[in-house]
Amino acid sequence: MKNVVVIGAGTMGNGIAHVFAMQGYKVQLVDVSEQALSKAMATIEKNLDRMLRKEKIDEAGKTATLANITPGADLTKAAANADLIVEAATENVDLKLKIFKQMDEAAPEGCILATNTSSISITKIAAVTSRPELVIGMHFMNPVPVMKLVEVIRGYATSDETLNTIMELSKNLKKVPVEVNDYPGFIANRILMPMINEAIYSLYESVAGVEEIDTVMKLGMAHPMGPLQLADFIGLDVCLSILNVLYDGFGQDKYAPCPLLVNMVTAGKLGAKTGEGFYRYTPGSKDKEVAPFFKK
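Residues numbered from 1 in each chain as written. Predicted model: local features only at pLDDT ≥ 70, side-chain atom pairs only at ≥ 80, totals over all residues. Heavy atoms only, no water.

## Quick word on the environment of Arg50
Here Arg50 lies in helix H2 (residues 34-53). The sequence separation of Arg50 and Lys148 amounts to 98 residues, and the corresponding C-alpha distance is 18 Å. (Helix = DSSP H or I, 4+ residues; strand = E, 2+ residues; numbered from the N terminus.)

Shown next as C-alpha coordinates:
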(Lines give C-alpha, C1' and ligand atoms only; values in the text may rest on other atoms or scores of the structure.)
Protein backbone atom coordinates (compact mmCIF):
# COMPACT_ATOMS: atom_id res chain seq x y z
CA MET A 1 0.00 0.00 0.00
CA LYS A 2 1.70 3.17 -1.23
CA ASN A 3 -0.85 5.61 -2.63
CA VAL A 4 -3.32 7.22 -0.25
CA VAL A 5 -6.07 9.73 -0.98
CA VAL A 6 -7.47 11.86 1.85
CA ILE A 7 -10.78 13.58 1.16
CA GLY A 8 -11.36 16.76 3.12
CA ALA A 9 -8.68 19.34 3.95
CA GLY A 10 -10.09 20.47 7.29
CA THR A 11 -8.63 19.89 10.74
CA MET A 12 -8.87 16.10 10.60
CA GLY A 13 -8.04 15.73 6.90
CA ASN A 14 -4.84 17.74 7.00
CA GLY A 15 -3.76 15.88 10.15
CA ILE A 16 -4.38 12.51 8.50
CA ALA A 17 -2.47 13.59 5.38
CA HIS A 18 0.38 14.75 7.64
CA VAL A 19 0.82 11.42 9.44
CA PHE A 20 0.64 9.33 6.25
CA ALA A 21 3.12 11.58 4.42
CA MET A 22 5.51 11.58 7.37
CA GLN A 23 5.73 7.77 7.16
CA GLY A 24 6.59 7.84 3.46
CA TYR A 25 3.16 7.33 1.85
CA LYS A 26 2.30 9.33 -1.27
CA VAL A 27 -0.78 11.34 -0.33
CA GLN A 28 -3.23 13.21 -2.51
CA LEU A 29 -5.23 15.65 -0.39
CA VAL A 30 -8.56 16.40 -2.05
CA ASP A 31 -10.99 19.23 -1.33
CA VAL A 32 -13.42 21.21 -3.49
CA SER A 33 -12.13 24.43 -1.89
CA GLU A 34 -8.78 25.79 -3.07
CA GLN A 35 -8.74 28.01 0.02
CA ALA A 36 -9.14 24.98 2.28
CA LEU A 37 -6.28 23.21 0.49
CA SER A 38 -3.98 26.22 0.86
CA LYS A 39 -4.86 26.54 4.53
CA ALA A 40 -4.29 22.80 5.05
CA MET A 41 -0.81 22.88 3.52
CA ALA A 42 0.09 25.92 5.64
CA THR A 43 -1.16 24.12 8.76
CA ILE A 44 0.83 20.99 7.95
CA GLU A 45 4.00 23.05 7.44
CA LYS A 46 3.36 24.92 10.70
CA ASN A 47 2.92 21.62 12.59
CA LEU A 48 6.10 20.23 11.01
CA ASP A 49 7.98 23.35 12.09
CA ARG A 50 6.78 22.76 15.65
CA MET A 51 8.06 19.17 15.47
CA LEU A 52 11.34 20.49 14.07
CA ARG A 53 11.78 22.86 17.02
CA LYS A 54 11.11 19.99 19.41
CA GLU A 55 13.69 17.87 17.52
CA LYS A 56 11.12 15.18 16.70
CA ILE A 57 12.05 15.46 13.02
CA ASP A 58 14.93 17.03 11.09
CA GLU A 59 14.86 19.44 8.12
CA ALA A 60 15.09 16.55 5.66
CA GLY A 61 12.08 14.90 7.31
CA LYS A 62 10.04 18.08 6.96
CA THR A 63 11.00 18.48 3.30
CA ALA A 64 10.19 14.85 2.50
CA THR A 65 6.82 14.99 4.27
CA LEU A 66 5.71 18.08 2.35
CA ALA A 67 6.95 16.55 -0.92
CA ASN A 68 4.77 13.48 -0.29
CA ILE A 69 1.55 15.55 -0.28
CA THR A 70 -0.16 16.68 -3.48
CA PRO A 71 -3.23 18.90 -3.02
CA GLY A 72 -6.01 18.90 -5.62
CA ALA A 73 -9.74 19.20 -6.24
CA ASP A 74 -10.39 16.29 -8.64
CA LEU A 75 -11.47 13.19 -6.70
CA THR A 76 -11.85 11.01 -9.79
CA LYS A 77 -8.32 11.76 -10.95
CA ALA A 78 -6.83 11.35 -7.48
CA ALA A 79 -8.57 8.03 -6.86
CA ALA A 80 -7.50 6.38 -10.10
CA ASN A 81 -4.38 4.73 -8.63
CA ALA A 82 -5.32 4.74 -4.95
CA ASP A 83 -4.63 1.80 -2.64
CA LEU A 84 -6.56 3.48 0.18
CA ILE A 85 -8.98 6.40 0.33
CA VAL A 86 -9.71 8.01 3.70
CA GLU A 87 -12.79 10.23 3.83
CA ALA A 88 -12.54 13.04 6.38
CA ALA A 89 -15.40 15.31 5.34
CA THR A 90 -17.92 17.03 7.60
CA GLU A 91 -19.87 14.76 9.98
CA ASN A 92 -22.98 14.72 7.77
CA VAL A 93 -24.44 11.39 6.75
CA ASP A 94 -25.88 12.52 3.39
CA LEU A 95 -22.56 14.10 2.39
CA LYS A 96 -20.61 10.99 3.39
CA LEU A 97 -22.94 8.69 1.44
CA LYS A 98 -22.55 10.90 -1.64
CA ILE A 99 -18.76 10.89 -1.32
CA PHE A 100 -18.61 7.11 -0.85
CA LYS A 101 -20.63 6.56 -4.02
CA GLN A 102 -18.12 8.74 -5.87
CA MET A 103 -15.18 6.97 -4.24
CA ASP A 104 -16.57 3.56 -5.16
CA GLU A 105 -17.02 4.55 -8.81
CA ALA A 106 -13.58 6.18 -9.10
CA ALA A 107 -11.37 3.81 -7.12
CA PRO A 108 -9.70 0.75 -8.65
CA GLU A 109 -10.71 -2.77 -7.71
CA GLY A 110 -9.21 -3.76 -4.37
CA CYS A 111 -8.88 -0.21 -3.05
CA ILE A 112 -9.96 0.07 0.58
CA LEU A 113 -12.45 2.85 1.38
CA ALA A 114 -12.12 4.18 4.93
CA THR A 115 -14.05 6.86 6.80
CA ASN A 116 -12.92 9.02 9.68
CA THR A 117 -16.51 9.32 10.92
CA SER A 118 -16.81 9.69 14.67
CA SER A 119 -20.29 8.18 14.95
CA ILE A 120 -22.04 7.33 11.66
CA SER A 121 -22.69 3.65 10.87
CA ILE A 122 -19.96 2.00 8.78
CA THR A 123 -22.52 -0.56 7.63
CA LYS A 124 -24.81 2.20 6.33
CA ILE A 125 -21.94 3.86 4.49
CA ALA A 126 -20.74 0.54 3.04
CA ALA A 127 -24.22 -0.26 1.74
CA VAL A 128 -24.04 2.47 -0.93
CA THR A 129 -20.90 0.89 -2.45
CA SER A 130 -20.27 -2.22 -4.53
CA ARG A 131 -17.45 -3.26 -2.16
CA PRO A 132 -18.82 -3.37 1.40
CA GLU A 133 -16.14 -5.89 2.37
CA LEU A 134 -13.52 -3.18 1.68
CA VAL A 135 -15.23 -0.41 3.69
CA ILE A 136 -14.01 0.31 7.22
CA GLY A 137 -13.94 3.01 9.88
CA MET A 138 -10.60 4.63 10.66
CA HIS A 139 -11.40 7.15 13.39
CA PHE A 140 -8.38 9.28 14.21
CA MET A 141 -8.32 11.54 17.26
CA ASN A 142 -7.71 15.30 17.18
CA PRO A 143 -4.98 16.57 16.89
CA VAL A 144 -4.05 13.71 14.58
CA PRO A 145 -0.23 14.17 14.56
CA VAL A 146 -0.18 14.03 18.38
CA MET A 147 -2.91 11.58 19.45
CA LYS A 148 -1.95 7.91 19.34
CA LEU A 149 -5.37 6.23 19.14
CA VAL A 150 -7.12 5.05 15.98
CA GLU A 151 -10.53 3.47 16.45
CA VAL A 152 -10.80 0.83 13.72
CA ILE A 153 -14.49 0.13 13.19
CA ARG A 154 -15.62 -3.03 11.48
CA GLY A 155 -18.90 -2.81 9.54
CA TYR A 156 -21.27 -5.76 9.12
CA ALA A 157 -19.59 -6.84 5.85
CA THR A 158 -15.99 -5.71 6.48
CA SER A 159 -13.66 -8.61 5.68
CA ASP A 160 -10.99 -9.99 8.00
CA GLU A 161 -8.37 -9.08 5.39
CA THR A 162 -9.50 -5.44 5.30
CA LEU A 163 -9.54 -5.24 9.09
CA ASN A 164 -6.06 -6.77 9.43
CA THR A 165 -4.66 -4.51 6.73
CA ILE A 166 -5.91 -1.34 8.45
CA MET A 167 -4.77 -2.53 11.88
CA GLU A 168 -1.23 -3.06 10.55
CA LEU A 169 -1.33 0.16 8.57
CA SER A 170 -2.26 2.11 11.71
CA LYS A 171 0.77 0.63 13.48
CA ASN A 172 2.95 1.73 10.53
CA LEU A 173 1.69 5.27 11.19
CA LYS A 174 3.02 4.94 14.78
CA LYS A 175 -0.54 4.81 16.09
CA VAL A 176 -2.28 2.38 18.44
CA PRO A 177 -5.28 0.78 16.69
CA VAL A 178 -8.23 -0.55 18.69
CA GLU A 179 -10.81 -2.78 17.00
CA VAL A 180 -14.41 -1.75 17.64
CA ASN A 181 -17.72 -3.05 16.32
CA ASP A 182 -20.20 -0.90 14.42
CA TYR A 183 -22.75 0.53 16.86
CA PRO A 184 -23.75 4.18 17.34
CA GLY A 185 -20.86 6.32 18.62
CA PHE A 186 -18.52 3.29 18.60
CA ILE A 187 -16.60 3.46 21.91
CA ALA A 188 -14.90 6.85 22.15
CA ASN A 189 -17.96 8.98 21.53
CA ARG A 190 -20.45 6.62 23.11
CA ILE A 191 -18.65 7.31 26.41
CA LEU A 192 -17.34 10.84 25.79
CA MET A 193 -20.46 12.55 24.43
CA PRO A 194 -22.82 11.64 27.30
CA MET A 195 -20.19 13.03 29.69
CA ILE A 196 -20.00 16.30 27.74
CA ASN A 197 -23.80 16.41 27.52
CA GLU A 198 -24.08 15.93 31.29
CA ALA A 199 -21.60 18.75 31.85
CA ILE A 200 -23.77 20.99 29.66
CA TYR A 201 -26.89 19.91 31.58
CA SER A 202 -25.10 20.79 34.83
CA LEU A 203 -24.45 24.28 33.47
CA TYR A 204 -28.01 24.52 32.07
CA GLU A 205 -29.44 23.63 35.49
CA SER A 206 -27.11 26.13 37.25
CA VAL A 207 -25.39 23.45 39.31
CA ALA A 208 -22.07 25.23 38.66
CA GLY A 209 -20.44 27.67 36.24
CA VAL A 210 -18.35 26.99 33.17
CA GLU A 211 -14.93 27.26 34.84
CA GLU A 212 -16.10 25.46 37.96
CA ILE A 213 -17.33 22.44 35.98
CA ASP A 214 -14.12 22.24 33.98
CA THR A 215 -11.94 22.69 37.08
CA VAL A 216 -13.69 19.82 38.89
CA MET A 217 -13.02 17.46 36.00
CA LYS A 218 -9.43 18.62 35.50
CA LEU A 219 -8.34 18.57 39.12
CA GLY A 220 -10.71 15.91 40.45
CA MET A 221 -10.62 13.43 37.56
CA ALA A 222 -7.19 14.28 36.07
CA HIS A 223 -8.64 15.21 32.69
CA PRO A 224 -6.20 17.36 30.69
CA MET A 225 -9.09 19.55 29.53
CA GLY A 226 -12.51 20.19 31.06
CA PRO A 227 -15.57 18.83 29.21
CA LEU A 228 -16.92 22.27 28.25
CA GLN A 229 -13.60 23.44 26.83
CA LEU A 230 -13.26 20.08 25.08
CA ALA A 231 -16.72 20.54 23.55
CA ASP A 232 -15.60 23.93 22.23
CA PHE A 233 -12.47 22.31 20.84
CA ILE A 234 -14.43 19.52 19.09
CA GLY A 235 -17.10 21.91 17.82
CA LEU A 236 -20.54 22.16 19.40
CA ASP A 237 -22.18 21.35 16.07
CA VAL A 238 -20.16 18.12 15.90
CA CYS A 239 -21.12 17.27 19.50
CA LEU A 240 -24.79 17.82 18.68
CA SER A 241 -24.53 15.71 15.53
CA ILE A 242 -22.96 12.79 17.42
CA LEU A 243 -25.52 13.00 20.24
CA ASN A 244 -28.31 12.91 17.66
CA VAL A 245 -26.76 9.77 16.13
CA LEU A 246 -26.66 8.16 19.60
CA TYR A 247 -30.21 9.25 20.41
CA ASP A 248 -31.59 8.07 17.07
CA GLY A 249 -29.62 4.82 17.21
CA PHE A 250 -30.49 3.77 20.76
CA GLY A 251 -33.74 5.68 21.37
CA GLN A 252 -32.77 6.28 25.00
CA ASP A 253 -33.37 9.59 26.80
CA LYS A 254 -29.87 9.56 28.31
CA TYR A 255 -28.52 10.47 24.86
CA ALA A 256 -30.96 13.37 24.24
CA PRO A 257 -28.95 16.58 23.58
CA CYS A 258 -29.25 19.28 26.24
CA PRO A 259 -31.52 22.17 25.07
CA LEU A 260 -28.69 24.61 25.85
CA LEU A 261 -26.43 22.82 23.35
CA VAL A 262 -29.17 22.93 20.71
CA ASN A 263 -29.68 26.66 21.29
CA MET A 264 -25.96 27.43 21.08
CA VAL A 265 -25.61 25.59 17.77
CA THR A 266 -28.70 27.35 16.43
CA ALA A 267 -27.15 30.69 17.44
CA GLY A 268 -23.92 29.82 15.63
CA LYS A 269 -21.84 29.67 18.82
CA LEU A 270 -19.93 26.56 17.83
CA GLY A 271 -16.82 26.84 19.99
CA ALA A 272 -13.21 27.65 19.14
CA LYS A 273 -13.76 27.61 15.37
CA THR A 274 -16.27 30.47 15.57
CA GLY A 275 -14.47 32.28 18.37
CA GLU A 276 -17.12 31.61 20.98
CA GLY A 277 -18.83 28.71 22.68
CA PHE A 278 -18.69 28.16 26.41
CA TYR A 279 -15.55 30.31 26.26
CA ARG A 280 -14.59 33.27 24.10
CA TYR A 281 -11.30 32.84 22.24
CA THR A 282 -8.76 35.44 21.15
CA PRO A 283 -7.75 34.91 17.48
CA GLY A 284 -4.15 33.77 17.12
CA SER A 285 -3.77 33.18 20.84
CA LYS A 286 -4.37 30.46 23.39
CA ASP A 287 -6.10 33.02 25.63
CA LYS A 288 -9.71 32.39 26.53
CA GLU A 289 -12.36 33.68 28.93
CA VAL A 290 -15.83 32.53 29.87
CA ALA A 291 -18.28 33.63 27.17
CA PRO A 292 -20.34 36.70 28.15
CA PHE A 293 -23.60 34.69 28.13
CA PHE A 294 -22.32 32.53 31.01
CA LYS A 295 -20.74 35.23 33.16
CA LYS A 296 -22.44 35.83 36.49
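## Focus: the UniProt feature "binding site: NAD(+)" (unreviewed entry) in the chain
According to UniProt, the feature "binding site: NAD(+)" (unreviewed entry) maps to Gly8, Ala9, Gly10, Thr11, Met12, Gly13, Asp31, Glu91, Lys96, Ser118, Asn142 and Lys273 in the numbering used here. Here Gly8 falls in the buried class, since its relative accessible area comes to 9%. In this view, Gly8 contacts Gly13, Asn14, Leu29, Val30, Asp31 and Ala88; residues no more than four positions away in its chain are not counted. Structurally, Asp31 is set in the loop between strand E2 (26-30) and H2. Note on Asp31: relative accessible area 15%, which makes it buried. In this structure Asp31 touches Gly8, Ala9, Ala36, Leu37, Gly72 and Ala73, once residues within four positions along its chain are discounted. Engagement of the side chain of Asp31 in a polar contact is seen with the backbone nitrogen of Ala9, the distance being 2.8 Å. (UniProt positions renumbered as here; feature names shortened; annotations may be inferred. Buried < 20%, exposed > 50% of the residue type's maximum accessible area, 1.4 Å probe, protein only. Contact = heavy atoms within 4.5 Å. Polar contact = N/O pair within 3.5 Å; in protein donor to acceptor, adjacent residues only side chain to side chain.)

## Re the environment of Leu113
Relative to the assigned elements, Leu113 resides in strand E5 (residues 112-115). What makes Leu113 buried here is its relative accessible area of 0%. For Leu113 and Lys26, which are 87 residues apart along the polypeptide, the C-alpha to C-alpha distance reads 16 Å. In contact with Leu113, not counting residues within four places along its chain, are Ile85, Phe100, Met103, Asp104, Ala107, Thr129, Arg131, Leu134, Val135 and Ile136.

## Here we look at the UniProt feature "domain: 3-hydroxyacyl-CoA dehydrogenase C-terminal" (unreviewed entry) in the chain
Cross-referencing UniProt, the feature "domain: 3-hydroxyacyl-CoA dehydrogenase C-terminal" (unreviewed entry) maps to residues 185-281 in the present numbering. Note that residues 185-281 is 62% helix and 3% strand, and that its end C-alpha atoms are spaced 28 Å apart.

## A word on the packing of aromatic side chains
All told, the structure shown has six aromatic pairs when counted by the stated rule. Site record: aromatic cluster; members linked through ring pairs are Phe278, Phe293 and Phe294. A cation over a ring is seen here: Lys288 above Tyr279, with NZ or CZ 5.1 Å from the ring centre. (Phe/Tyr/Trp six-rings, centres within 6.5 Å; stacked < 30°, edge-to-face > 60°. Lys NZ or Arg CZ within 6 Å of the ring centre and 35° of its normal.)

## Considering helix H9 (residues 210-221)
Here H9 spans 16 Å end to end across 12 residues, near enough to the 16 Å set by a 1.5 Å rise per residue. All of the buried residues along H9 are Val210, Ile213, Asp214 and Met217. Down the axis of H9, the smallest arc covering the buried residues is 95°, so these residues share one side. Exposed and oriented more than 90 degrees from the buried face of H9 are Leu219 and Gly220. Its buried side turned inward, H9 meets helix H8 (188-204), helix H10 (227-234), strand E9 (279-281) and strand E10 (288-290). Looking one or two residues past H9, Ala222 carries a phi angle of roughly 60°, positive in sign. (Expected span 1.5 Å × (residues − 1). Arc of directions from axis to C-beta.)

## A short note on the pairing of strand E6 (residues 135-140)
For E6, the buried fraction is high: six of the six residues fall into the buried class. Burial along E6 is two-sided: Val135, Gly137 and His139 and Ile136, Met138 and Phe140, pointing in opposite directions, are all buried.

## A look at the packing of H10 against helix H11 (residues 236-250)
The contact between H10 and H11 brings their axes to 6 Å, and the two run at 95°. In terms of orientation, H10 and H11 fall into the roughly perpendicular class. Mapping the contact onto sequence places Ala231, Asp232 and Ile234 in H10 and Leu236, Val238 and Cys239 in H11. In terms of residue class, the contact of H10 with H11 is built from five nonpolar, no polar and one charged. (Axes fitted to C-alpha atoms, helices over the stretch in contact; angles between N-to-C directions. Parallel < 35°, antiparallel > 145°, perpendicular 65-115°, else oblique. Nonpolar A, V, L, I, M, F, W, Y, C, P; charged D, E, K, R; others polar.)

## Some thoughts on the sheet that holds strand E7 (residues 149-154)
Strands sit in the order E3-E2-E1-E4-E5-E6-E7-E8 across an open sheet of eight strands; the sheet is mixed. Looking along the sheet, the strands with just one partner apiece sit at the ends: strand E3 (69-72) and strand E8 (176-181). Shown here is a sheet whose adjacent strand axes are inclined to one another by a mean of 25°, direction ignored. With three bridges connecting them, E5 and E6 associate as parallel partners. Among the inter-strand pairings, Leu113 is bridged to a residue of E6, identified as Val135. Along the sheet face, helix H7 (residues 160-172) touches strand E4 (84-87), E5, E6, E7 and E8 and points at about 175° away from the line of E7. (Pairing = 2+ DSSP bridges.)

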